[in-house]
Amino acid sequence: MRQESIGSADPLVSLFLELAHIPSPPGQERDVNDFLITRLRGLGLDVTEGEPIREGKTGAGNLFCRIPGNAPGIPILLSAHTDTVASEPDALPDPVLEDGVLRSRSRAVLGADDKSAVAAIVYCAERIVKDDIPHADVEIMLSVGEESGLLGAKSWSLDGVGSRYGFCFDSTGPVGNIIVRSPSQKTIKALFKGKAAHAGVAPEEGRSAVAAACNAIAGMKLGRLDEETTANIGLIRGGAAANVVPDRCRINGEVRSHDLDKLEEQVEAMIDSINMAAAGEEVDVELAVVEEFRAFDFSAGGPQLDMAEQAVRDIGLEPLRGSTGGGSDVNVLNLLGLPCINMSTGMEKVHTPEEYITVEALWQLHKLILALTAKALEA
Ligand SMILES: [Zn+2]
């Protein structure tokens, strides 16, 4: 079995392994950002970093740079995130190349999500600059804190960004898959506030927050509500002991839908259920509803999707359009006003220690990104 941990002769694999060796859970992207800043500034590019999403010496902000065009065309933005999901405590990344597959030898995730895309984008930047490949303006945004609620992207603005289209590389599955549709999501947090009392001595003096929370949930339609809408209560926490009428209970939930009206309707229904249950048990309730991300839908086609699909064909693959129930930086960039689609990097089994990507997929990804920059030139 052929094994290489670092220093592969393949420059793209070598770059990926170097990145994968640097731990970068959300809020701790300092080291990986420093590595990337050095690498991009080494190309003579002007790299800026946004406000850190977390204080302290490990905190870091989004990286942004532009490769000024040397030919006319459409300015495009390439995007990926530099953080990875947090691994088990003490599990350090131990990426290895084994028979053409990049995987982790430890319990830590490989981090191909999303360092496969980071490596491919940075390697493309190096090829474009060093080989003087004709290109229009290419902008690069490498976000932080994606895995902890899209925090980096949410702190971004389009000030100073000139791109007409965004292409984010943060989806699983074979290279050539294009996510054209993703739902909106709102989270709902409710804190029921009742009155504590001895459950055996004076239960009538108490107001049970747990009873109110349970009645609220019982009155909700949850799960897959229709083909484009889902709802969930994912957390319930309250009470202190069996003999105390509980005065506090929290529930957290979410609604996702590809249709904004259906999303609003379901959120309203859940809020009604919460308020009715609180009134029924004579408890107070504090409610918070947050828009986490906004839907996008490019399934009707258009010039941006044409560019992506033609680029896939140019590297000899067949594009496949897909839909996702998940959210990513792409939703935020669309919400900010930059039309952005999400493309697969070839990474598989993400967010698990079994995560992997083949060297072949990594190279396809790099070719796809170069093909996209060429398409922007022709367009
Ligand atoms: Zn990701």
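Residues numbered from 1 in each chain as written. Predicted model: local features only at pLDDT ≥ 70, side-chain atom pairs only at ≥ 80, totals over all residues. Heavy atoms only, no water.

What follows covers the overall build of the protein. Counting secondary structure elements, the protein contains 9 helices and 20 strands. The C-alpha extent of the protein, read off along each of the three principal axes, is 80 × 45 × 35 Å. Of all 379 residues assigned to the protein, the portion counted as buried reaches 51%. Once local pairs closer than 6 in sequence are excluded, the contacts in the protein between residues at least 24 apart make up 79%. In the structure as shown, the protein presents an accessible area of about 16,300 Å², 50% of it carried by carbon and sulfur atoms. Distance from the positive charge centre (34 side chains) to the negative charge centre (57 side chains) of the protein: 1 Å. (Helix = DSSP H or I, 4+ residues; strand = E, 2+ residues; numbered from the N terminus. Buried < 20%, exposed > 50% of the residue type's maximum accessible area, 1.4 Å probe, protein only. Contact = heavy atoms within 4.5 Å. Areas by Shrake-Rupley, 256 points an atom, 1.4 Å probe, with all protein chains shown as cover. Lys, Arg positive; Asp, Glu negative; His and termini not counted. Charge placed at Lys NZ, Arg CZ, Asp CG, Glu CD.)

Looking now at the packing of helix α1 (residues 11-21) against helix α2 (residues 30-41). Between α1 and α2, the least distance of the axes is 9 Å, while the angle of their chain directions is 145 degrees. Our pair here, α1 against α2, has a crossing hand that is right-handed. Of the residues in α2, those in contact with Leu15, Glu18 and Leu19 of α1 are Val32, Phe35, Leu36 and Arg39. Of the residues that constitute the contact of α1 with α2, the class distribution is 5 nonpolar, no polar and 2 charged. (Axes fitted to C-alpha atoms, helices over the stretch in contact; angles between N-to-C directions. Left-handed = near helix turned anticlockwise from the far one by under 90°. Nonpolar A, V, L, I, M, F, W, Y, C, P; charged D, E, K, R; others polar.)

With 21 residues, helix α6 (residues 260-280) extends 30 Å from end C-alpha to end C-alpha; this agrees with the ideal 30 Å at 1.5 Å per step. Of the residues making up α6, those classed as buried are Leu263, Gln266, Val267, Met270, Ile271, Ser273, Ile274, Ala277 and Ala278. Buried residues in α6, looked at end-on, bunch into an arc of 155 degrees, giving them a common side. Turned more than 90 degrees from where α6 packs its buried face, Asp261, Glu265, Met276, Ala279 and Gly280 sit exposed. The secondary structure elements touched by the buried residues of α6 are β10 (184-193), α5 (209-218), β12 (223-226), β13 (229-238), β15 (248-257) and β16 (284-293). By the N-cap criterion, in which a side-chain oxygen at the helix start approaches the backbone nitrogen of a residue two or three places on, α6 is capped by aspartate 259, the distance to aspartate 261 being 2.8 Å. In the segment just after α6, glutamate 282 is the residue with positive phi, at about 55 degrees. (Expected span 1.5 Å × (residues − 1). Arc of directions from axis to C-beta. Polar contact = N/O pair within 3.5 Å; in protein donor to acceptor, adjacent residues only side chain to side chain.)

Under the domain assignment used here, the protein contains domain 1 (3-182 + 295-378) and domain 2 (184-292). A C-alpha centroid distance of 38 Å is found between domain 1 and domain 2. On the domain 2 side, the residues contacting the 10 residues of domain 1 number 6 residues. Surface buried jointly by domain 1 and domain 2 totals about 600 Å² across both partners, of which 37% is contributed by carbon and sulfur atoms. Three residues, Lys154, Arg181 and Ala295, lead the burial of domain 1 against domain 2; their summed loss comes to 55% of the area buried on that side. Joining domain 1 to domain 2, the criterion identifies 2 salt bridges. Close ionic contact of glutamate 228 with arginine 181 constitutes a salt bridge, the shortest N to O distance being 3.1 Å. (Domains from an automatic or database assignment. Buried area = accessible area lost by both parts, 1.4 Å probe. Salt bridge = Lys/Arg side-chain N within 4 Å of Asp/Glu carboxyl O.)

Time to look at unusual backbone geometry. Backbone torsion omega between aspartate 113 and aspartate 114 reads 15 degrees, so that peptide bond is classified as cis. By the secondary structure assignment, aspartate 114 is in helix α3 (residues 112-130). Backbone geometry at aspartate 132 places phi at a positive 50 degrees, although glycine is not the residue there. As for its placement among the helices and strands, aspartate 132 is situated in the loop between α3 and β7 (138-143). By relative accessible area, which is 55% here, aspartate 132 ends up exposed. At glutamate 282, a residue that is not glycine, the phi angle is positive and equals roughly 55 degrees. Its place among the elements puts glutamate 282 in the loop between α6 and β16.

The zinc ion binds to the protein through His81 (NE2), Asp113 (OD) and Asp170 (OD); the donor distances cover 1.9 to 2.1 Å. In primary-sequence terms, the residues that donate to the zinc ion follow H-x31-D-x56-D. Of this pair, histidine 81 sits in strand β4 (residues 76-81) while aspartate 170 is found in strand β8 (residues 165-171), placing the two residues 89 residues apart along the sequence. Each member of the pair histidine 81 and aspartate 170 is classed as buried. (Donors = N, O, S within 2.8 Å, 3.2 Å for Na, K, Ca; no water.)

Further remarks concern the environment of glycine 223. With respect to the helices, strands and loops of the structure, glycine 223 is situated in strand β12. Its relative accessible area of 31% is what places glycine 223 among the partly exposed residues. In the structure, glycine 223 is positioned 86 residues away from aspartate 137 in sequence and 44 Å away in space, judged by C-alpha atoms. If sequence neighbours within four positions are ignored, glycine 223 has contacts with Thr229, Thr230 and Ala231.

A few words on α3. Think of an α-helix as 3.6 residues a turn; residues three or four steps apart then line up on the same face. Taking 1.5 Å per residue, 19 residues should reach 27 Å; α3 reaches 25 Å between its end C-alpha atoms and fits that length. With 16 of 19 residues buried, α3 is to be regarded as a mostly interior element. Looking at the residues trailing α3, positive phi occurs at aspartate 132, about 50 degrees.

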